[in-house]
Amino acid sequence: MAQVVTPRRLKIAGGVLGAVLLVFIGYAAGWLTPRLSTPGESSPEAGFARDMSEHHAQAVEMGMIAYQKASQPEIRTLGGDIALTQQGQIGVMQTWLKDWGLGPNSSRPPMAWMRDGDQAVKGNLMPGMATREEIAMLRAATGKDVDIRFLQYMLRHHLGGVHMAQEVLKLDPGPEVRELAETMIRNQSGEIQVLRTMLGKLGATPLN
Amino acid sequence: MSTGDVRRPSVNKLSAKAVAADGPKPESDELDADEADAAAPAPAPAPKPKTSQPKVATKSSGSRPGGRPPAGRGPAKSGGGKGRKPVTPVKVSQGRNWGPIAMFAGAGLVAVLIIGFGAFQLIKQANQPPWQERAAGIEGISNYLESNPDWFVYDPAVGNHKSGVLTYPSSPPVGGVHNDYWQNCMGDVYPAEIPKEQATHSMEHGAVWIAYHPDLPKDQVDELAGKVRDRGFMLMSPYPGLDKPISVQAWGYQLKVDNAGDGRIDEFIDALRQNATREPQATCSGGITDPGKTPLDLVPPAQPGG
């Protein structure tokens, strides 16, 4: 049978093809949008997630030492609280990186995402982090010495962490990063007061 | 639609003569007539074709003001019927359907732009291929997960932990059964030998372990330490009996090099640290830092360190 192509059929065919094309475009746009709007390899968001994970990991290390060895129960509790909270936040940040299609490692130096970040690091140490030697001293300490060292190191660590969170907020990060950074600032600022008070009760002072 | 119908438009800008001279293929009469019509502005109405919907045709042509000579798609379709008698030229050409055509063109253009832009962005971002690919691209790397998968299979009766000194098929080990304790790997630079059974547990957690021959010159040891110290998921120790000056390993992977300045060490770390792991999100802290190469669970007053 001969196909009679009338304008009407042409219109229908055009309409159908046009509709298919529109659906395809809609799908393509929906597929691409999240990929185009997620942070990239060298974004502040990715840098923050990677470096703050690393920074948090040391808080977990110190918190667990205090949880096991501090002489005062409230300091053991505080150590456990900090360790669990920060380990949970590491999980959140690592999930971001996965969702963004990025790895946990960056070939850029630590803090490269931050303004003047190169001046904020000493080797691989980010702001407020304890050296391996200090961690070894904390681990080797006993009695009240554990309490004081933990409070001092943790106070300095939190100050550095709050600073990093404030810096990422200046870079106008995406909503999830903004929310977590604000949470960190709020909670760690509160704990900073607690740490200061506890240090005072022990007759000790913050480092430098 | 026959292919002839589809192809025809491509020549419709030519004059009728040229088209005719080009001698389009088989359905010559009808085709030529069509093209002639197409090229001629405002042709006179012609007898209705034998189509079943003359009304539509009329309406359609009526709705197109002016009957401009076509610029885009061809005059369509006088009906590619082979058996039909060539009647007087059909006037459908003036009713070119600009609506669908414009929509096609516009939508197609938008689609191409979106896809092209998206692809460009994705390619630009994909400067970091998956870690497995990056690892595979390191010259001289051994992937034992691929070559010796049996090393990483546990006896179900035992599980993945075993106490005491263990033997491994590679030196240093790259995975397999290990001690309960792990060696702390928070950027710890160990000055002396550590229990390989504990370091293997660290690698299960995602650590990269740099082992070096005790004779490695001090400046090279220092260079290696700079890559490790204070960096999570990293640890380093001398390894007596090593068959090469330096051996870098992660769970399932190993790279042996002669010099601390070898750029492949950094490539190895970038690709595999935290990625090559059997236990994602496990910590490197809470491990053993005690000196000595004897597994801690064999040390008499066994005391969990940390």
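Everything numeric in this text was worked out from a predicted model, so none of it was measured.

A. Quick look at the packing of helix H6 (residues 144–170) of chain A against helix H7 (residues 175–201) of chain A. Residues and elements named next belong to chain A. For the pair H6 and H7, interaxial distance at closest approach is 9 Å and the crossing angle is 155 degrees. In terms of orientation, H6 lies roughly antiparallel with respect to H7. Relative to H7, the crossing made by H6 is left-handed. Grouping the constituent residues of the contact of H6 with H7 by class yields 17 nonpolar, six polar and four charged.

B. Layout of the layout of surface pockets. Volume-wise, the second largest pocket comes out at about 440 Å³. Every residue lining the second largest pocket is counted, 28 residues in all, and those nearest its centre are Ser 106, Arg 108, Pro 109 and Pro 110 of chain A together with Arg 231 of chain B. Those elements giving two or more residues to the lining of the second largest pocket turn out to be helix H2 (44–69) of chain A together with helix H9 (218–228) and helix H10 (264–272) of chain B. Here the element with the most residues in the lining of the second largest pocket is H2 of chain A; it accounts for five residues. Considering only residue class, the lining of the second largest pocket consists of nine nonpolar, nine polar and 10 charged.

C. View of unusual backbone geometry. With an omega of -5 degrees, the peptide bond running from Ser 171 of chain B to Pro 172 of chain B counts as cis. Secondary-structure assignment places Pro 172 of chain B in the loop between helix H7 (144–147) and strand E2 (186–189). Notably, Asp 172 of chain A is not glycine yet its phi reads approximately 50 degrees, a positive angle. By the secondary structure assignment, Asp 172 of chain A is in the loop between H6 and H7.

D. Layout of the pairing of strand E3 (residues 208–212) of chain B. Residue and element names in this part refer to chain B. Of all five residues in E3, five are buried; the element is thus mostly enclosed. Along E3, one buried face is formed by Val 208, Ile 210 and Tyr 212 and the opposite face, lined by Trp 209 and Ala 211, is buried too. Note that the unit made of E3, H9 and strand E4 (residues 234–238) has a crossover that is right-handed. Note that E3 and strand E5 (residues 246–250) share four bridges and pair antiparallel. Bridge pairing in E5 places Ile 210 opposite Val 248.

E. The pattern of salt bridges, seen in detail. Evaluated as defined, the whole model comprises 17 salt bridges over all chains. Arg 50 of chain A is the partner of Glu 41 of chain A in a salt bridge, and the nearest nitrogen-oxygen pair spans 3.3 Å. Arg 50 of chain A shares its class with Glu 41 of chain A; the two are buried. Among the salt bridges present, the one from Glu 182 of chain A reaches Arg 178 of chain A, with a minimum N-O distance of 3.8 Å. Residue Glu 182 of chain A and its partner Arg 178 of chain A are located together in helix H7, separated by four residues, close to a single helical turn. Assessed through its relative accessible area of 36%, Glu 182 of chain A is described here as partly exposed. A residue is classified by how much of its surface remains accessible, and Arg 178 of chain A, at 28% relative accessible area, is partly exposed. Members of the salt-bridge network, linked through shared partners, are Glu 61, Arg 132 and Arg 139 of chain A together with Asp 188 of chain B.

Conventions and cut-offs
Residues numbered from 1 in each chain as written. Chains lettered and ligands numbered in written order. Predicted model: local features only at pLDDT ≥ 70, side-chain atom pairs only at ≥ 80, totals over all residues. Heavy atoms only, no water. Axes fitted to C-alpha atoms, helices over the stretch in contact; angles between N-to-C directions. Helix = DSSP H or I, 4+ residues; strand = E, 2+ residues; numbered from the N terminus. Parallel < 35°, antiparallel > 145°, perpendicular 65-115°, else oblique. Left-handed = near helix turned anticlockwise from the far one by under 90°. Nonpolar A, V, L, I, M, F, W, Y, C, P; charged D, E, K, R; others polar. 1 Å grid on protein atoms, 1.4 Å probe; cavity = no way out; pocket = protein on both sides within 12 Å on 5 of 7 lines; lining within 4 Å. Points joined across faces, edges and corners; volume = space filled by probe spheres on them. Buried < 20%, exposed > 50% of the residue type's maximum accessible area, 1.4 Å probe, protein only. Right-handed = clockwise from strand over helix to strand, strands pointing away. Pairing = 2+ DSSP bridges. Salt bridge = Lys/Arg side-chain N within 4 Å of Asp/Glu carboxyl O.

All we've got here are geometric facts, nothing functional implied.
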